[in-house]
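Chains, contacts and geometry: an overview
Each chain is listed here by its residues.
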Amino acid sequence: MTDRRLSLSSLLTRMRAPSPGLAASLLSGALAAGLGLGSFAVLVMVLWISSPYPDSGPGGALHVAAALWLLAHGVELIRTDTLSGLPMPVGVTPLLLLMLPVWLLHRAGRDAADADSEAAPRTAWAGAVAGYLTVGMAAALYASGGALRPSWVWTVVCLPLLATVATGVGVWTAYGHPQGPMPAWGRRVVAAAVPPRLTSAVRRLVTRDGIDGIGGMRGIGGGDGGRGDERFVGAVVRAAGAGVAALVGGGALLVAASLVWHGGTARDSFSQLTEGWSGRFAVLLLCLVLVPNAAVWGAAYGLGPGIVLGAGHVAGPLSGAVAGPMLPAFPLLAAVPGGGGPLSWSSGVVPVVAGVTVAWFVVRAAVPGGVDGGPGEVWSGRRTVAAVGLAAGVCGAVFALLAALAGGPLGVAALAHFGPVWWQVGAAVVAWTWVVGVPVAVGVRGWRVREGRGASVGVGVALRGAVGPWLSRSRSREGVGEVPAGPVEGAPREPAVREAAVREAAVRGSLERGALGRGSLERESLLEDPGPYDFLPTDPVDVPWPEDASREIRWAALREASAPSESSGPSESSGSPEPGGSPERGGSPEPTDPT
């Protein structure tokens, strides 16, 4: 047997020679973390400088900046300087602040795996993540000495998770979004997290083999199973993304309408929180970074589960609870509507619009515009329903994650949980999207299929009525529609060249006289293959035909194409004149127009 163990010298050599591009990847990740920390530090320092009564010095402001940077990653903070002396958790992540580290990590991964970089994909990803986490852990250690201290459990979980996922997507983007099988570790994670029966059911819905085994269906998107699978999965992902966007947009509209409806209460809350302009600006800035959270809250309100405002207080369209006395005076909280009223009942439009949006995106893929098979083959009704169901599940999972990030604890006792309950919101999204999306998708699919077939037959009859007489007249004439059966004097000797010359000359003459116009090429293709409407009757239709000009151009093209082939060969008899001679010197006359 061969000993494959490395010797000590070769192991030390490998340790001394790092992977190419590793240093650049580490620097890219560290730079992304530094830019994020610097942005938060500048913002907090501006607010600290403009505050007339700061509670601490610049060191305390920097501690707060580091803690807010960790909060933007989903890390829960512990507030120690409370009136009761008990630590209070702060776990509501501002979703607008979350976008900054996600964007920086994505760019770090993409730049580390750039075409100019020498790093391999794994090296670029690992280096960027390691550099980011190094700076992140240092910031967590620094923030632990301030008034807002990070929870180490959440720090160890959230910070590496966000860095790993966002950087991996950036590296994947740098390589052009390559497609391929799931890696072994990914398959093991899915097998451990998802029940085998659910996995096999989803596989039967997506793969072509499973489709052929269910009701004898013909593939998802056509003859090619691979393209059909990609088309099905792409349609599900796009429909789910559109549904999430519709829910968030509808929730934002509900919040805006509620703010206008309760404008006086929201305006009074500013004066209750602070008196100076710098404090009001800070409150306004906090409201702005919580706008995406408020959009998720509004969507949860319209879905039915509502928003948990404290222990025993749930604001929803079916409940009469309003903001309790334990809630702070805050503009976004002052605009929470109670149960009943036109605003509460109109919030049910949001999930309906989301379900219709999901159904529309599925139908666009199910009926791509043609009903004649091929790459645009129409899905069956059962396949369309399955696509809507999977899109509803993905949409519910994504929105449940957003609801979990948008809510969290703001203290203890009554404020132990604030915001929507993620599992209730996710289940409501799945139910609404399924109930609304399935009938809409089936109905619109059937309508588009019937409309497409009627349009195809109508267009075929119209084209046959216009092209049929033209085809008959072209066959009765010489030239454009067909090539003369016998050899033509002066024509090229190769059949392909001769046919191409005749066709080019005919099309050129027709375009000059304006008889064919823009549809000449389409009519040429119809002449070659009339299609399935050859049995239809034809009525005489006056279609203009190119006469003298097209015939002169055709024979000029024939003479021009035949000149090199005739001049290259010797004369057949000794008494024959030179090929290029004139008629007076015994040369052969030019071919005449047989017509």
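Residues numbered from 1 in each chain as written. Predicted model: local features only at pLDDT ≥ 70, side-chain atom pairs only at ≥ 80, totals over all residues. Heavy atoms only, no water.

Some words on the packing of helix 11 (residues 263–273) against helix 12 (residues 277–289)
Between helix 11 and helix 12, the least distance of the axes is 9 Å, while the angle of their chain directions is 130 degrees. Taken together, the axis directions place helix 11 and helix 12 in an arrangement best described as oblique. Helix-helix and strand crossings are classified by hand; for helix 11 and helix 12 the assignment is right-handed. Here Phe-270, Ser-271 and Leu-273 of helix 11 lie close against helix 12, whose contacting residues are Arg-280, Val-283 and Leu-284. Residues that form the contact of helix 11 with helix 12 fall into these classes: 4 nonpolar, 1 polar and 1 charged. (Axes fitted to C-alpha atoms, helices over the stretch in contact; angles between N-to-C directions. Helix = DSSP H or I, 4+ residues; strand = E, 2+ residues; numbered from the N terminus. Parallel < 35°, antiparallel > 145°, perpendicular 65-115°, else oblique. Left-handed = near helix turned anticlockwise from the far one by under 90°. Contact = heavy atoms within 4.5 Å. Nonpolar A, V, L, I, M, F, W, Y, C, P; charged D, E, K, R; others polar.)

Concerning empty space enclosed by the protein
Under the defined criterion, the tally for this structure stands at 1 cavity of 30 Å³ or more. The volume enclosed by the largest cavity comes to roughly 210 Å³. Looking at the largest cavity, it is lined by 15 residues, and the ones nearest its centre are Val-255, Gly-298, Ala-335, Val-336 and Pro-337. For the lining of the largest cavity, the secondary-structure elements that each account for two or more residues are helix 10 (225–261), helix 13 (291–303) and helix 14 (331–334). The biggest single contributor to the lining of the largest cavity is helix 13, with 4 residues. (1 Å grid on protein atoms, 1.4 Å probe; cavity = no way out; pocket = protein on both sides within 12 Å on 5 of 7 lines; lining within 4 Å. Points joined across faces, edges and corners; volume = space filled by probe spheres on them.)

Some words on the sheet that holds strand 1 (residues 77–79)
Neighbouring strands of a sheet are bound in pairs by backbone hydrogen bonds; such pairs are parallel or else antiparallel. Read across the sheet, 3 strands follow the order 2-1-3 without closing on themselves; strand pairing throughout is antiparallel. Looking along the sheet, the strands with just one partner apiece sit at the ends: strand 2 (88–90) and strand 3 (148–150). Averaged over all neighbouring strand pairs, the angle between strand axes comes to 35 degrees, with direction disregarded. Relative to strand 3, strand 1 runs antiparallel, the two being bridged by 3 bridges. In the strand pairing of strand 3, Leu-77 is matched with Pro-150. (Pairing = 2+ DSSP bridges.)

All we've got here are geometric facts, nothing functional implied.
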